[in-house]
Amino acid sequence: MIITAILTMLVIWCLFYGAVPGVALVCLCLVMGGFLAVVGRHKHEGFLVIDIIAQRSQLNKINSPLKFWTVLILLFLCIASRSVVVGLVLMAVMLFLTVAVGGLELHDYLSLLSLPVSFVLISALALLVDYGSSPFGVINLPVSQGYLVVSQAAQLRTALVLSKALGALSCLYLLSLSTPMPEIISVLRKAHVPDIVIELMYLIYRYTFVLFEMYRSMKDAAKSRLGFVNFSTSVKTTGKIYTNLLARSYQKSMNNFDAMESRCYIGEIRFLENKKELSRLHAIVAASLVVIISGLTITLH
Amino acid sequence: MFKWTKKEKRIMTFSVMIAALLATSQTVYAMHIMEGYLSAAYCIAWGAVSIPFLVAGVISIRHTVQKKRRALILLAMAGAYIFVLSSLKIPSVTGSCSHMTGTGLSAILFGPMATSVLGIIVLLFQAILLAHGGLTTLGANTFSMAIAGPIFSFLLYKAGIKFKLNRKVNVFIAVALGDLFTYCVTSMQLAMAYPSESGGVAASALKFLAVFAPTQVPLAVIEGILTVIIVMGMESFAAPELKEVGFIKEGN
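Residues numbered from 1 in each chain as written. Chains lettered and ligands numbered in written order. Predicted model: local features only at pLDDT ≥ 70, side-chain atom pairs only at ≥ 80, totals over all residues. Heavy atoms only, no water.

A. Main features of the packing of aromatic side chains. Inspection of every chain in the model, using the stated rule, returns eleven aromatic pairs over all chains. Joined through ring pairs, the aromatic side chains of Tyr-205 and Phe-209 of chain A together with Phe-83 and Phe-125 of chain B make up one cluster. (Phe/Tyr/Trp six-rings, centres within 6.5 Å; stacked < 30°, edge-to-face > 60°.)

Here you go:
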């Protein structure tokens, strides 16, 4: 988490250098970095935390096709926009919806965001810094024969890309933190994704939990026998656990097939889907959100 | 234009070094392009490029399943296996937590056709359940991670068999180079979307390669080693299963 904070500070420093006076810039960096370091502590406990949050979310009650298509439209509007504002507005709206309406703790939301954000920031660094033979930017750092340059154009472009990426990420999070996987799959089924892919998706989702349970017991067994005592041992142990996992999952799938066949499986599986009524209020909110964002996307440059 | 004092330069160099050092010791996933990182045109273009491969994959899976119904269950288990593998921490030298791709293993075990379909499903799951990758960048990620990388791994593996390379060396080379190839393709995709001001696409590609090298190169090596252990282990105590798994590949 501290790494993300430092990276954030570095990127912000390069991003606003020259545009914001020195003292304010340092303050901004420290505030953002400190905020991330304190609030969003990255934890690595449960498996598929997002899935659990989605099941608990208050937004889970909303009709899932509505959520899915609205988020998809907003995503495309966000990446099509040519202004920093759209991304920032979406970020704020999604934060409000997920935290205040969905009932997720702000701390959890930020710590979940910190993982993809660190990747976005590393890429932002590559966008910001350029290598040239002449010092044409706001920040010029001589390296061997040339300069590492941060130009104003690069700053503007990076700001746009960052805001779009963060806005899009928040949109994706609204969907994934409020909609369990089976419902997303059922939306895809209605969108005429081939049956065989849909069946595969349902089964993969279910087997994931079976496999993870298997993995956990194997890992605990190996750990209690000093299987992770040093690096080379842990590589060996991990490899063996994965081998065993593959062999066991194969046996499990064969048992599963026998069980299905004895229950009249003839090559087609349908899963029960919970129907959630489309409420008028939700539809209106979604529609107005789409209208506002598309308005912003079209008008702002 | 202002002049840097010596102290300022030193501070800047120090901060860059810290960033480089620390960036290596954090959560390392295989290189996905994050949500919102590509403009709409590129999202659609990469998606379109991936479609033929996916169609071929779906058709091949459908044929296999018609011939042998067990295959569907087996494929689903394979997909779940790849997804679980990609969400687990693997040991790493720097104390970071790295994650495997698993697509190289899948290409060797199940062939590139099936891997493309399993790959897009796994990528979708990763985007939604692990917040890695994204819905708009699904096409680009599918191309680099589920199509280009696995096909490259598979070709290397086949070539290795033809030239009678040692099994372990062959698997290692196929998987590690496949991973590196994926990382190069992703860097190219990012560079094409964001060419550098002074040097165009090539310079930009170099920048992305450089920024991600400290995380991706060790990952490729470790994934190669792990896959060797997995494949060897499978051969020593799960040979009949492996043979059975092979029929999926024959169906392609």
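Now that the structure is up, let's keep going.
B. Inspection of the interface of chain A and chain B at higher detail. Contacts between chain A and chain B engage 96 residues on the former and 88 residues on the latter. Buried surface at the junction of chain A and chain B, summed over both partners, amounts to about 8200 Å²; 79% is from carbon and sulfur atoms. On the chain A side of the contact with chain B, Phe-119, Tyr-242 and Leu-246 of chain A bury the most area, a combined 9% of that side's loss. Along the contact surface separating chain A from chain B lie four residue pairs in polar contact (both at pLDDT 80 or more). In terms of residues, the side of chain A that touches chain B owes the most to one element, helix H10 (residues 231-261) of chain A, which gives 24 residues. Class assignment of the residues belonging to the side of chain A that touches chain B gives a composition of 67 nonpolar, 19 polar and ten charged. (Contact = heavy atoms within 4.5 Å. Buried area = accessible area lost by both parts, 1.4 Å probe. Polar contact = N/O pair within 3.5 Å; in protein donor to acceptor, adjacent residues only side chain to side chain. Helix = DSSP H or I, 4+ residues; strand = E, 2+ residues; numbered from the N terminus. Nonpolar A, V, L, I, M, F, W, Y, C, P; charged D, E, K, R; others polar.)

C. Expanded view of the nonpolar core. In terms of nonpolar packing, the biggest core is built from 158 residues, with Leu-74, Met-94 and Tyr-242 of chain A together with Tyr-37, Tyr-81 and Phe-125 of chain B touching the most fellow members. Of the residues forming this core, the biggest block, 16 residues, is contributed by helix H9 (residues 195-224) of chain A. Summarising the domain contributions, this core has at least three residues from each of domain 1 (2-179 + 274-299) and domain 2 (188-262) of chain A. (Core = buried A, V, L, I, M, F, W, Y, C linked by side-chain atoms within 4.5 Å. Buried < 20%, exposed > 50% of the residue type's maximum accessible area, 1.4 Å probe, protein only. Domains from an automatic or database assignment.)

D. Spatial organisation of the packing of helix H4 (residues 103-110) of chain B against helix H6 (residues 138-162) of chain B. Residue and element names in this part refer to chain B. For the pair H4 and H6, interaxial distance at closest approach is 8 Å and the crossing angle is 55°. The orientation of H4 relative to H6 falls into the category oblique. Where H4 crosses over H6, the handedness of that crossing is right-handed. In this structure, H4 contributes Thr-103, Gly-104, Ala-107 and Ile-108 to the contact, and H6 contributes Met-145, Pro-150, Ser-153, Phe-154 and Tyr-157. Across the contact of H4 with H6, the residue classes break down as six nonpolar, three polar and no charged. (Axes fitted to C-alpha atoms, helices over the stretch in contact; angles between N-to-C directions. Parallel < 35°, antiparallel > 145°, perpendicular 65-115°, else oblique. Left-handed = near helix turned anticlockwise from the far one by under 90°.)

E. Local environment of the domain arrangement of chain A. Residue and element names in this part refer to chain A. Splitting chain A by domain gives domain 1 (2-179 + 274-299) and domain 2 (188-262). On a C-alpha basis, the centroid separation for the pair domain 1 and domain 2 is 33 Å. The interface of domain 1 with domain 2 comprises six residues on the first partner and six residues on the second. Of the roughly 500 Å² buried where domain 1 meets domain 2, counting both sides, 78% is carbon and sulfur surface. The tally of links between domain 1 and domain 2 comes to one residue pair in polar contact (both at pLDDT 80 or more). Secondary-structure elements contributing two or more residues to the side of domain 1 that touches domain 2 are helix H3 (49-56) and helix H4 (64-80). Residues belonging to the side of domain 1 that touches domain 2 are distributed by class as follows: four nonpolar, one polar and one charged.

F. Geometry of the pattern of salt bridges. All names here are of chain A. Tallied over the entire structure, the rule returns two salt bridges over all chains. Put simply, Lys-276 and Glu-183 hold a salt bridge, and the shortest N to O gap is 2.4 Å. With Lys-276 in the loop between H10 and helix H11 (280-299) and Glu-183 in helix H8 (residues 181-190), the pair connects residues that are 93 residues apart, well separated along the chain. With a relative accessible area of 12%, Glu-183 lands in the buried category. For Arg-216, the salt bridge identified is with Glu-213, shortest N-O distance 3.1 Å. (Salt bridge = Lys/Arg side-chain N within 4 Å of Asp/Glu carboxyl O.)

G. Helix H7 (residues 152-176) of chain A, seen in detail. With 25 residues, H7 of chain A extends 36 Å from end C-alpha to end C-alpha; this agrees with the ideal 36 Å at 1.5 Å per step. Burial within H7 of chain A is extensive, with 18 of its 25 residues counted as buried. (Expected span 1.5 Å × (residues − 1).)

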